[in-house]
Amino acid sequence: MKEIIDIVAAYEQAVKSGKRTALATVVLVEGSAYRRAGARMLITEDGQLTGAISGGCLEGDALRKARMVILQQEPLLVTYDTMDDDDAKLGVGLGCNGIIHILIEPINDGQTNPVTLLKAAIASRGYAVLVTVFSIADRKARQPGSCLCLTANQNLLNGLEKLPYQHELFDDAKNALNKQRSSVNAYEDYTAFIECVKPLISLVVIGAGNDAVPLTKIASVLGWNITVADGRPNYATAERFPSANKLLIAKPDLVLTNLEINKWTAFVLMTHNYNYEIAFLKKLLPLQPSYIGILGPRKKLERMLDELEAGGTTITSGNLETIHGPVGLDIGSETAEEIALSIIAEIKAVFASRNGKSLKYKTSLIHSA
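This structure is a prediction, so every number in the text was calculated from the model and none was measured.

### Structural notes on the layout of surface pockets
Taken as a whole, the second largest pocket encloses approximately 410 Å³ of empty space. Lining of the second largest pocket is provided by 21 residues; of these, Pro-75, Arg-142, Gln-143, Pro-144 and Asn-158 occupy positions nearest its centre. For the lining of the second largest pocket, the secondary structure elements donating two or more residues are β5 (98–107) and β7 (145–151). Among the elements that line the lining of the second largest pocket, the one with the most residues is β5, at three residues. Looking at the lining of the second largest pocket, its residues break down into seven nonpolar, nine polar and five charged.

Below, the structure is given as structure tokens:
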């Protein structure tokens, strides 16, 4: 989602500057590659690139082809075979041992276009399905391209209604949204990449001390939605937290009334104020958020939970599953920046249902098919 947000921002800036653009999307990968299907890159006519479709090896050639697409105003399907020696000689050999299919589409401002669909996915604040149709069998055939954004609240069409297999495609898109899983499906002589886009992680940092600053900086790099809450107005300031989307100066019982919480919301308690945190935790636990990280030693957490139970708060097994204390992965952190890195890594692992172990010990594929 972060890449999509960056692309939309770059497109809007290009429109203001009067620059024509094209969108390159990885629609199918056979074998292994640096980026998976769903990777995108916006190209302006003067060569500015936003996003990435590879580790840097394909971008130069894609830029040349994108300029042709912008000139001719016709989508183009390009295939790179990283197992082919000829491709390696051309300077696009990635050593990834795979075949990468990339669709490059011209973007026409003033009408529904591929970027319009990306905007709808961002605005949904939940899961969204983006559908891109292309023809591998006949590259010279018309490439329908990005034709649908489906969310829980709306269906935005961009040429889907003109396709003879629109009903089957729409049903498969709904199925992808329900299962929250992407797929590649065949329809007559065409193939569709039906991409389920995950929503952004929302990070709520309870505490605006100095150690919260690097945490928000790293989260900002990842594009997460960031809220910082503290009872001290001289700590929770825009100057100290310029990357925060929201700043809350409130007592523990009022913080949650100013938040929208969903399954992609993570809380990190780092106020260094025991009374503030236990009061906040009492309000938070019944809402059953997906992740609660608590800075400090394990004895502190045990004491908090014991006091809450003694005071009548019910702590379920589900609560205990989502509470992470001490917070973060064990990477030997000492400084505030290193601790922030371990916390962000743990949150990412939890929401991706991964264990956070080293990839060198992984016996299966890094990415599922």
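### Examining unusual backbone geometry
Cis geometry is found at the peptide bond from Gly-325 to Pro-326, where omega equals 0 degrees. Position of Pro-326 among the secondary structure elements: in the loop between β16 (323–324) and α11 (336–351). The phi dihedral of Gln-73 is positive, around 60 degrees, even though this residue is not glycine. Counting through the fold element by element, Gln-73 comes out in the loop between α2 (59–72) and β4 (76–81). Residue Gln-73 is classed as partly exposed on the basis of its relative accessible area of 31%. Phi is positive for Glu-188, which is not a glycine, with a value near 50 degrees.

### So, the pairing of strand β9 (residues 183–187)
Bridge count between β9 and strand β10 (residues 190–197): five bridges; the pairing is antiparallel. Looking at the pairing, Ser-183 lines up with Ile-194 of β10. Taking the residues that link successive antiparallel strands as the turn, the β9-β10 hairpin has two residues, and the phi of Glu-188 there is positive, at about 50 degrees.

### Re helix α1 (residues 2–16)
Helical geometry note: an α-helix holds 3.6 residues per turn, so side chains three or four residues apart project in the same direction. Helix length check: α1 (15 residues) gives 22 Å between terminal C-alpha atoms against 21 Å at 1.5 Å per residue, within 8%. Listed in full, the buried residues belonging to α1 are Glu-3, Ile-4, Ile-7, Val-8, Tyr-11 and Ala-14. One face of α1 carries all of its buried residues, which in axial projection span an arc of 135 degrees. One or two residues past the end of α1 sits Gly-18, with phi positive at roughly 75 degrees.

### What about the pattern of salt bridges?
Using the criterion set out here, one finds 12 salt bridges in the structure. Across the salt bridge formed by Glu-12 and Lys-119, the nearest N and O atoms sit 3.5 Å from each other. Here Lys-119 lies in helix α4 (residues 114–123) and Glu-12 lies in helix α1, a separation of 107 residues in the sequence. Taking relative accessible area as the criterion, Glu-12 reaches 37% and is therefore assigned partly exposed. Given a relative accessible area of 32%, Lys-119 falls into the partly exposed group. Across the salt bridge formed by Asp-46 and Lys-19, the nearest N and O atoms sit 2.9 Å from each other. Within this pair, whereas Asp-46 is found in the loop between β2 (40–44) and β3 (49–51), its partner Lys-19 is found in the loop between α1 and β1 (21–31), the two being separated by 27 residues in sequence. Given the relative accessible area of 41%, Asp-46 is considered partly exposed. Using a relative accessible area of 24% as the deciding quantity, one classes Lys-19 as partly exposed. Taken together, the shared-partner salt bridges connect Asp-61, Arg-64 and Lys-65 into one network.

### Comments concerning the packing of helix α6 (residues 212–221) against α11
When two helices pack together, their arrangement is given by the angle between the helix axes and by the axis-to-axis distance. Relative orientation of the contacting elements α6 and α11 amounts to 45 degrees, with a least axis distance of 8 Å. Considering the angle they form, α6 stands oblique to α11. Crossing hand, α6 versus α11: right-handed. Only Ala-336, Glu-337, Ala-340, Leu-341, Ile-343 and Ile-344 of α11 make contact with α6, whose side of the interface consists of Pro-214, Leu-215, Ile-218 and Ala-219. Taken together, the residues that form the contact of α6 with α11 break down as nine nonpolar, no polar and one charged.

Each value, and the rule that gives it
- Residues numbered from 1 in each chain as written.
- Predicted model: local features only at pLDDT ≥ 70, side-chain atom pairs only at ≥ 80, totals over all residues.
- Heavy atoms only, no water.
- 1 Å grid on protein atoms, 1.4 Å probe; cavity = no way out; pocket = protein on both sides within 12 Å on 5 of 7 lines; lining within 4 Å.
- Points joined across faces, edges and corners; volume = space filled by probe spheres on them.
- Helix = DSSP H or I, 4+ residues; strand = E, 2+ residues; numbered from the N terminus.
- Nonpolar A, V, L, I, M, F, W, Y, C, P; charged D, E, K, R; others polar.
- Buried < 20%, exposed > 50% of the residue type's maximum accessible area, 1.4 Å probe, protein only.
- Pairing = 2+ DSSP bridges.
- Expected span 1.5 Å × (residues − 1).
- Arc of directions from axis to C-beta.
- Salt bridge = Lys/Arg side-chain N within 4 Å of Asp/Glu carboxyl O.
- Axes fitted to C-alpha atoms, helices over the stretch in contact; angles between N-to-C directions.
- Parallel < 35°, antiparallel > 145°, perpendicular 65-115°, else oblique.
- Left-handed = near helix turned anticlockwise from the far one by under 90°.
- Contact = heavy atoms within 4.5 Å.

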